[in-house]
Amino acid sequence: MAELLAGLGTSHVPSIAAALDKGLRDSDEWKPFFDGYVPAQDWVAGHKPDIAVVIFNDHGNSFFLDRVPTLALGVADEYRPADEGWGPRPVPNFIGAADFAWHLADRMVEGHFDPLICRELDVDHGMQVPMELVFGRPDAWPVKVVPILVNTIQYPIPTPQRMWDLGRLLREAIASYPTDEKILVMGTGGLSHQLQGARAGFINPQADREWIAKIGADPARYRAMSREDYVEEFGSEGAELIMWLVMRGCMDADVRTLHQHYFAPASMTGAGMVLLENMR
Ligand code: DHB
Ligand code: FE
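Keep in mind that what you see is a predicted model, and the values were worked out from it rather than measured.

About the cut-offs
Residues numbered from 1 in each chain as written. Chains lettered and ligands numbered in written order. Predicted model: local features only at pLDDT ≥ 70, side-chain atom pairs only at ≥ 80, totals over all residues. Heavy atoms only, no water. Helix = DSSP H or I, 4+ residues; strand = E, 2+ residues; numbered from the N terminus. Lys, Arg positive; Asp, Glu negative; His and termini not counted. Charge placed at Lys NZ, Arg CZ, Asp CG, Glu CD. Pairing = 2+ DSSP bridges. Donors = N, O, S within 2.8 Å, 3.2 Å for Na, K, Ca; no water. Buried < 20%, exposed > 50% of the residue type's maximum accessible area, 1.4 Å probe, protein only. Salt bridge = Lys/Arg side-chain N within 4 Å of Asp/Glu carboxyl O. Arc of directions from axis to C-beta. Contact = heavy atoms within 4.5 Å. Axes fitted to C-alpha atoms, helices over the stretch in contact; angles between N-to-C directions. Patch = residues over 30% accessible without salt bridge, like charges linked within 9 Å, V, L, I, M, F, W, Y side chains within 5 Å. Areas by Shrake-Rupley, 256 points an atom, 1.4 Å probe, with all protein chains shown as cover.

Caption draft 1: A look at the overall build of the protein chain. Summing up its helical and strand segments, the protein chain has 10 helices and 11 strands in all. Looking at the protein chain, you have 24 positive and 39 negative side-chain charges, and the mean spots of the two groups are 3 Å apart.

Below, the structure is given as structure tokens:
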């Protein structure tokens, strides 16, 4: 039986990637942000996951507004970094955990989730940035990946409760997978930000800090909130946070927070992470 090693929630802001590309990791502006991830990086490196399931949204790079799947699942052997307008970034290709992905595809359909099944997919900053924040910039990624893509771009986006339920299904899929592989589940996006409209530039550090503090021990409120509540509290793009609920929903009721970090503003967002472990 495969094992859920830990759940990790993190921002996926593209300017984080740009900072790394420009060698600004240790600049006055960025160092406090990146340093906050080091304890979680060390913990993950020490616990050696085999597979990372990464829940993220594509940002008009692999799916444009003409066709937007509410849910999509990668089952490929390999994923290339998407070209987001400046050419593909120099990060290694991601190796797919295709066997587990097909198992998950089957469990999803059996459980009445019906994803777009992707045999070929380029993955954008939504996945690249979290992988770099957790694993640094290796010559080859130390884990295989399974991308789960959620539409948080174009309304109607899925409900928070639906994301939680997908997490419950992922939990069952991990428990029923007959290998002894260790799986890290990564929910990405957020924290508060709004990139458009009258409130462009809106961030809500108080709500972000509360999210970081409560998503482990007391997530009930976040599961019950409406999509509109997310937009109100976290901004139109801050609603990406619903993807952390997949991660939280696949864990036990009782979890311990191993590491947490918050930093604002990073680009136009509140940014940060939590690393959660089931109480055993
Ligand atoms: C930006 C883009 C994102 O996808 C995101 O999650 C946060 C910020 C941006 O362009 O600043
Ligand atoms: Fe995003």
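Next, the rest of the story.
Caption draft 2: Just the sheet that holds strand E4 (residues 78-81), in detail. Spatially, E5-E4-E7 is the arrangement adopted by the three strands of the open sheet, whose pairing is mixed. Edge positions in the open sheet fall to strand E5 (94-95) and strand E7 (122-123), since each of these has one partner strand only. Sheet topology note: the E4/E7 ladder contains two bridges and is parallel. Note that in E7 the partner of proline 81 across the bridge is valine 123.

Caption draft 3: How the structure looks around the coordination of the iron ion (ligand 2). Every protein donor of the iron ion (ligand 2) is accounted for by His12 (NE2), His59 (NE2) and Glu240 (OE), and the metal-donor separations fall at 2.0 to 2.1 Å. When the donor residues of the iron ion (ligand 2) are listed from N- to C-terminus, their spacing reads H-x46-H-x180-E. With histidine 59 in the loop between strand E2 (51-56) and strand E3 (71-74) and glutamate 240 in the loop between helix H9 (227-234) and helix H10 (244-249), this residue pair connects regions lying 181 residues apart in the sequence. The exposure class assigned to histidine 59 is partly exposed, which follows from its relative accessible area of 23%.

Caption draft 4: How the structure looks around the pattern of salt bridges. For the structure shown, the criterion picks out 15 salt bridges. For aspartate 35, the salt bridge goes to arginine 25, with nearest N and O atoms at 2.9 Å. With a gap of 10 residues between them, aspartate 35 in helix H2 (residues 31-35) and arginine 25 in the loop between helix H1 (14-21) and H2 connect regions that are remote in the sequence. For arginine 25, a relative accessible area of 25% corresponds to the partly exposed category. With a shortest N-O distance of 2.6 Å, aspartate 35 and lysine 31 are connected by a salt bridge. Note that aspartate 35 and lysine 31 are positioned in helix H2 at a spacing of four residues, about one turn of the helix. Looking at aspartate 35, the relative accessible area reads 29%, which means it is partly exposed.

Caption draft 5: Spatial organisation of H9. Along H9, the residues that are buried comprise Tyr230, Glu233 and Phe234. Down the axis of H9, the smallest arc covering the buried residues is 80°, so these residues share one side. Where H9 is buried, its residues meet helix H6 (160-175), helix H7 (205-217), helix H8 (220-224) and H10. Positive phi appears at glycine 235, one or two residues downstream of H9, with a value of about 95°.

Caption draft 6: Inspection of the sheet that holds E2 at higher detail. Read across the open sheet, the eight strands follow the order E6-E3-E8-E2-E9-E1-E11-E10; overall the sheet is mixed. Two strands close off the open sheet at either side, each with one partner strand: strand E6 (116-118) and strand E10 (255-266). On average, each strand axis in the sheet is inclined to that of its neighbour by 15°, with strand direction left out of account. Across three bridges, the pairing between E3 and strand E8 (residues 144-150) is antiparallel.

Caption draft 7: Region of interest: helix H3 (residues 38-47). Considered for burial, the residues of H3 that qualify are Ala40, Trp43 and Val44. Considered in projection along H3, the buried side chains sweep an arc of 95° and stay on one side of the axis. In H3, the exposed residues that point more than 90 degrees away from the buried face are Asp42, Ala45 and Gly46. Against the buried residues of H3 lie strand E1 (3-10), helix H5 (125-135), strand E9 (182-188), E10 and strand E11 (269-278). At the exit of H3 stands lysine 48, carrying a positive phi of roughly 45°.

Caption draft 8: Just a nonpolar patch on the surface, in detail. Where nonpolar side chains cluster on the molecular surface, the patch consists of Phe64, Leu65 and Ile153 and spans about 290 Å² of accessible area. Turning to its location among the elements, isoleucine 153 is positioned in the loop between E8 and H6. In this structure isoleucine 153 comes out as partly exposed when scored by relative accessible area, which is 40%.

Caption draft 9: The arrangement of the pairing of E10 in detail. Relative to E11, E10 runs antiparallel, the two sharing nine bridges. Bridge pairing in E11 places phenylalanine 263 opposite alanine 271. What sits between E10 and E11 in their antiparallel hairpin is a turn of two residues, with serine 267 showing a positive phi close to 55°.

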